[in-house]
Amino acid sequence: MITVTNAHKQYGTFTALDDVSLDIPRGSLTALLGPSGSGKSTLLRSIAGLETLDAGVVTIEGEDVTNVPPQRRGIGFVFQHYAAFKHMTVRDNVAFGLSIRKRPKPVIDKRVDELLEIVGLSGFRDRYPAQLSGGQRQRMALARALAVDPQVLLLDEPFGALDAKVRTDLRTWLRRLHDEVHVTTVLVTHDQEEALDVADRIAVLNQGRIEQVGDPVTLYDRPANDFVMSFLGSVSRLGDQVVRPHDIALDRDRQHALALDAAVPASAGVIGAVVERVVRLGFEVRVDLRAESGERFAAQITRRDANDLRLAAGETVFARVDQPSSIVERMAIAGV
Amino acid sequence: MNVTQQTRVGLRTVALGYLFVLLALPIGVILYRTFEPGLSEFFASISTPAAISALNLSLLIVAIVVPLNVVFGVVTALALVRGRFRGRGLLQAVVDLPFAVSPIVVGVALIMLWGAGGWFGALDRSGFTVIFGLPGMVIATIFVTLPFVVREVEPVLHEIGTDQEQAASTLGATGWQTFWRITLPAIRWGLTYGVVLTVARALGEFGAVIMVSSGFAGVSQTLTLLVHARYIDDHNTYGAYAAATLLMGIALVVLLLMTVLDRKRSNR
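A quick note: this is a predicted structure, and the numbers were derived from the prediction, not measured.

Q: Would you mind showing me how to read the overall build of chain B here?
A: The helix and strand tally for chain B stands at 12 helices and 0 strands. The secondary structure elements of chain B, listed N-terminal to C-terminal, are α-α-α-α-α-α-α-α-α-α-α-α. Taking the principal axes of the C-alpha coordinates as reference, chain B spans close to 70 × 65 × 30 Å. In chain B, which comprises 268 residues, the share counted as buried stands at 39%. Sequence-distant contacts in chain B: of pairs separated by 6 or more residues, those separated by 24 or more amount to 72%. Of the roughly 14700 Å² of accessible surface on chain B, a fraction of 70% belongs to carbon and sulfur atoms. Distance between charge centroids for chain B: 9 Å, based on 17 positive and 13 negative side chains.

Here's what the structure looks like:
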C-alpha cells in the first residue's frame, strides 16, 4: 500500500506535481499514464525518494517515508534505460543489493539463480550487460530490483526504449510475473495501450494533476472528462458530444436511424454526413465523414456493416451514437 | 575522396618523413649516443650517486603528486559535472590555467608566494623550506599536472550519467558504497589515462621545477634537472645522454603499462 497525499513539486516556474493525492492498493499493478511533462515520472521518483517533494507526504506500508532516503524505503526501481552496472556481470548486477546487505555468498548465489530462472536469463550469468539485447538488459534490471524483496516495485517507462515487438512481449511477461510475485507495482507509461493491457488500475495525469483513477474498463467507458477520453483512445466529435469512433452507427435511411436513436437516452440526435473516404483496416473499416455543419469526424465500423452499407465516397449517410456509455458526461464537459 | 596511387604514396611519405625528422630522429640520436660506448658505460653513468639521487627524487615527486592529483582531480571532476553551484564556469577556466600559463611563470609566481620575501614567507623564515626544497618542487609539479586527471575523468562522468548511481541507491547502497562500487569502476579508464599523463608530465617537467629547486646534485636535482646540469654545467655530454635515456625509459614503461591496461579494457 502506497499513499501520496497533497504532493507538490516545482522546478523553477514549472509545476511538475500540483497537489497530487493517490492511493495505491497493496498487490495491485497501477499504471501512471500521461503525456510527457504530466508529472508521472516525478510522482514515481518521489515515491522512490529519488526526488524530494516541496510539500506532501508519502507513505509505504503505513510508514511515513517522506524524509527517508531511497536506500531505506524498501523499493525496487527499474529505469527506462536499464541503468545496468556495465562493469559487472549479470550475476553481480542481480547480486548487488544482496551483497550490499552482506548476505552470505551461498544465499546470494541461490537467490540469483532463482531470479535469473524467473526472468529467463539462466544461461547469461557470466555475461556483461553489453553482451545482452535491450529486452534482456531490462529483464536483468527487473531481477536486480526484485532480488532485495522490495515492498514495492517501481518501473519508469520500462519498455520505452525497446522496439514494438519486444515491448508487447515484455508487457505480457511483466503481467504474468506480477500475477506470480504479487508485489505492489507502479508503472509509468505514456502508452495508453500498454496501460490498458497490463494494469489493473490506471491513474491518468495531466499537467501535474490526476485527472482520474480507476480500472481500465471504467476509464475507457466512463472517462471523467475530455482529456481522459481522448488520451485513452481515439475520439470523434459528433455535434456537442465526444464519442469513440466505434460507438458511431451509420445508416442509409434517416427514418430508420431516427427510430433507433429514440431508444438511446441523452443522445445527440441523428446527423447527416457525406462520406469522404472509406479506409479498410482489416477487420475494422474507418469511414471519414463530413457533417452538414462542415465538421469532420470518423466512424469505425465492422467489415460486415461496411459491406452491408456498400459505402462509397460522396454518398450521404446518417450517423448516430450507438453506445452512450462512453459519452463523457455533460457535466464533466461543462466543467473542463 | 578519390586519390590516385601516386598521391597516396606521396602523402604517406610526407607524413612519415615529418614524424621521422621531428620525433624519431632526435630520439634515435640520443639512443645511439647513449649505447655507442657500450652498456657498461651507460650503467656506470646512471648509477653515480647524483644520478641515483635524481631518479629517487623524480620518483618521490611522482609518488606524492599522483595520489594528490587523483583525489582532487576526481572530486573536482565530480563537482564540475554534477554540481550546480555559483562559480562553476570560473572553476572550469581555472582548471585549464596550467595549460595556458608557461611553466617558468608558474615557478616565478611560486617564489613570489612562498619565497622568503613572499606572502607566505613567514613559513620559510620559520625554517620550513618551501622554495628551493622538496615542497616547492612538489607544488610546482602539482600546478602543471593539475588538469590531466580532471580533464580525462570529466567526459567519462558525463557519459555514464547518474542512472547507475541512482539504481545503486535504490538497492540500498550508501553514498560511499556507490562511489567505490559503481562510480570509481566506471571512471577507472579515464582515471588511468589521467594518471599516465600526470606521471609523464611530472617526470618531464623542467621550467617550473628549475625555478624552485636549488639544483644541488644529490640533493635537489630531479632527472630532468640532472640532464640539464650535466649538459650545460658539467659539459658531460655523454652523461646527459645517458640520463635522458633513463628518463625516456621510465616514460616508456608508463606508456607500455597504459597500453597493456587499455588492451585489457577493450577485451571486455
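Q: Which parts of the structure should I look at to understand the packing of aromatic side chains?
A: Any pair of aromatic rings gets described here by the distance separating the centres and the angle formed by the planes. One pass over the full model with this rule turns up 10 aromatic pairs over all chains. Ring centres of phenylalanine 85 of chain A and phenylalanine 96 of chain A lie 4.8 Å apart, and the angle between their planes is 55°; this geometry places the pair in the tilted category. Of this pair, phenylalanine 85 of chain A sits in the loop between strand 6 (75–78) and helix 2 (90–100) while phenylalanine 96 of chain A sits in helix 2; the two residues are 11 residues apart in sequence, bridging distant segments of the chain. Take phenylalanine 96 of chain A: its relative accessible area is 2%, and that puts it in the buried class. Ring geometry for tryptophan 114 of chain B against phenylalanine 120 of chain B: centres 5.0 Å apart, planes inclined by 65°, an arrangement best described as edge-to-face.

Q: Can you help me understand the environment of serine 133 of chain A in this one?
A: Residue and element names in this part refer to chain A. Within the secondary structure, serine 133 is located in the loop between helix 3 (105–118) and helix 4 (134–146). For serine 133, a relative accessible area of 39% corresponds to the partly exposed category. For serine 133 and leucine 162, which are 29 residues apart along the polypeptide, the C-alpha to C-alpha distance reads 9.5 Å.

Q: What am I meant to see in the domain arrangement of chain B here?
A: It is common to give the size of an interface as the accessible area that goes away when the parts come together. All names here are of chain B. Splitting chain B by domain gives domain 1 (1–36) and domain 2 (43–267). Between the C-alpha centres of domain 1 and domain 2 there is a distance of 31 Å. With 6 residues of domain 1 at the interface, the matching set in domain 2 holds 6 residues. Together domain 1 and domain 2 conceal approximately 560 Å² of surface at their shared face, both sides included; 74% is due to carbon and sulfur atoms. Ranking the residues of domain 1 by area buried against domain 2 places Ile30, Arg33 and Thr34 at the top, with a combined share of 74%. For the pair domain 1 and domain 2, the number of links is 0 salt bridges. Linking domain 1 with domain 2 are 4 residue pairs in polar contact (both at pLDDT 80 or more), by the criterion used here.

The rules behind these values
- Residues numbered from 1 in each chain as written.
- Chains lettered and ligands numbered in written order.
- Predicted model: local features only at pLDDT ≥ 70, side-chain atom pairs only at ≥ 80, totals over all residues.
- Heavy atoms only, no water.
- Helix = DSSP H or I, 4+ residues; strand = E, 2+ residues; numbered from the N terminus.
- Buried < 20%, exposed > 50% of the residue type's maximum accessible area, 1.4 Å probe, protein only.
- Contact = heavy atoms within 4.5 Å.
- Areas by Shrake-Rupley, 256 points an atom, 1.4 Å probe, with all protein chains shown as cover.
- Lys, Arg positive; Asp, Glu negative; His and termini not counted.
- Charge placed at Lys NZ, Arg CZ, Asp CG, Glu CD.
- Phe/Tyr/Trp six-rings, centres within 6.5 Å; stacked < 30°, edge-to-face > 60°.
- Domains from an automatic or database assignment.
- Buried area = accessible area lost by both parts, 1.4 Å probe.
- Salt bridge = Lys/Arg side-chain N within 4 Å of Asp/Glu carboxyl O.
- Polar contact = N/O pair within 3.5 Å; in protein donor to acceptor, adjacent residues only side chain to side chain.

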